[in-house]
Structure formats: C-alpha cells, structure tokens
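These are the residues of each chain, in order.
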Amino acid sequence: MSSLPIDDSQAALYTVGQVATMLRVQQAFLRRLDEHEVVRPSRSPGGQRRYSRHEITLVQYVVRLTDEGMTLAAIRRILELEHELRAARRRIAELEAERAGGDPAQASRRRTTR
C-alpha cells in the first residue's frame, strides 16, 4: 500500500488561510515571509501558496524569533546559517566514516557519545 500525501511532511497541502488560522497569525504575515524569502511555500497550479507540515513548523520558529524582536532579514540569515551548519555536520560525519571505513551513521553516533 502506498503512503498518502498526508504522511509526507514535505507535501504542500495547506492554504495560507488554514496556516494563518492554525498558527494565529495574519495572512499578510505569511505573504511577507514569502516575499522576504524567509519561508517559501510551494505554489498550486493556480498560483496559490501551499504549505507543508515542515514549512508550518518553520513558520512557528520564525514567529518565535520575530516575537524576540528579530527582523526578517536577520531571521533569513539565521536560517541560512543553520542550514549550512547541518550540511557541515553531515559532511564531517561522512569524512569520519570514510576515515574509519564505516558508514556515516556509525561515525555520527560515535561523535555524539564522546
């Protein structure tokens, strides 16, 4: 049996109105996040924004950061740096695995147990 789109955290299923209601934010705020390239939801064939569960979680994080007084430009940079950090950590795990002759998951577990 194949999985349903609702099982996929990346499936763009939610409209701007639904997300605004869920998170108790204004629709204009969500549009501003898209315009400032902070959270870029997918678009339906008709051009409407569609959010995935992953993007909704990201919007929640952005709301917390704006509540702390951060600008959208600062938040965008934070998100970029966090993405780069995750990529660097994955690469370190790969290199450690290559050096140890094992797989990256084992190297990552070894690194976190030190």
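Each value, and the rule that gives it
- Residues numbered from 1 in each chain as written.
- Predicted model: local features only at pLDDT ≥ 70, side-chain atom pairs only at ≥ 80, totals over all residues.
- Heavy atoms only, no water.
- Helix = DSSP H or I, 4+ residues; strand = E, 2+ residues; numbered from the N terminus.
- Buried < 20%, exposed > 50% of the residue type's maximum accessible area, 1.4 Å probe, protein only.
- Contact = heavy atoms within 4.5 Å.
- Areas by Shrake-Rupley, 256 points an atom, 1.4 Å probe, with all protein chains shown as cover.
- Expected span 1.5 Å × (residues − 1).
- Axes fitted to C-alpha atoms, helices over the stretch in contact; angles between N-to-C directions.
- Parallel < 35°, antiparallel > 145°, perpendicular 65-115°, else oblique.
- Left-handed = near helix turned anticlockwise from the far one by under 90°.
- Nonpolar A, V, L, I, M, F, W, Y, C, P; charged D, E, K, R; others polar.

A. Representation of the overall build of the chain within the structure. Helix and strand content of the chain: five helices and three strands. If you list the helices and strands of the chain from N to C, you get β-α-α-β-β-α-α-α. Across the 114 residues in the chain, those meeting the buried criterion constitute 25%. A fraction of 44% describes how many contacts in the chain between residues 6 or more apart in sequence connect residues 24 or more apart. Split by element, the accessible area of the chain, about 8,000 Å² in all, is 50% carbon and sulfur.

B. Just helix α3 (residues 53–67), in detail. In this model α3 runs 21 Å from its N-terminal to its C-terminal C-alpha over 15 residues, within 8% of the 21 Å that 1.5 Å per residue would give. Considered for burial, the residues of α3 that qualify are Glu55, Ile56, Val59, Val62 and Leu65. On its buried face, α3 sits against β1 (14–15), α1 (16–23), α2 (27–35), β2 (42–43), β3 (49–51) and α4 (72–100).

C. Fine view of the packing of α1 against α3. In contact at an axis separation of 11 Å, α1 and α3 are set at 50° when each is read in the N-to-C sense. In this view, α1 runs oblique relative to α3, as classed from their interaxial angle. The chirality of how α1 crosses α3 is right-handed. Two secondary-structure elements touch here, α1 through Val19, Met22 and Leu23 and α3 through Ile56, Val59 and Gln60. A breakdown of the residues in the contact of α1 with α3 according to their chemical character gives five nonpolar, one polar and no charged.

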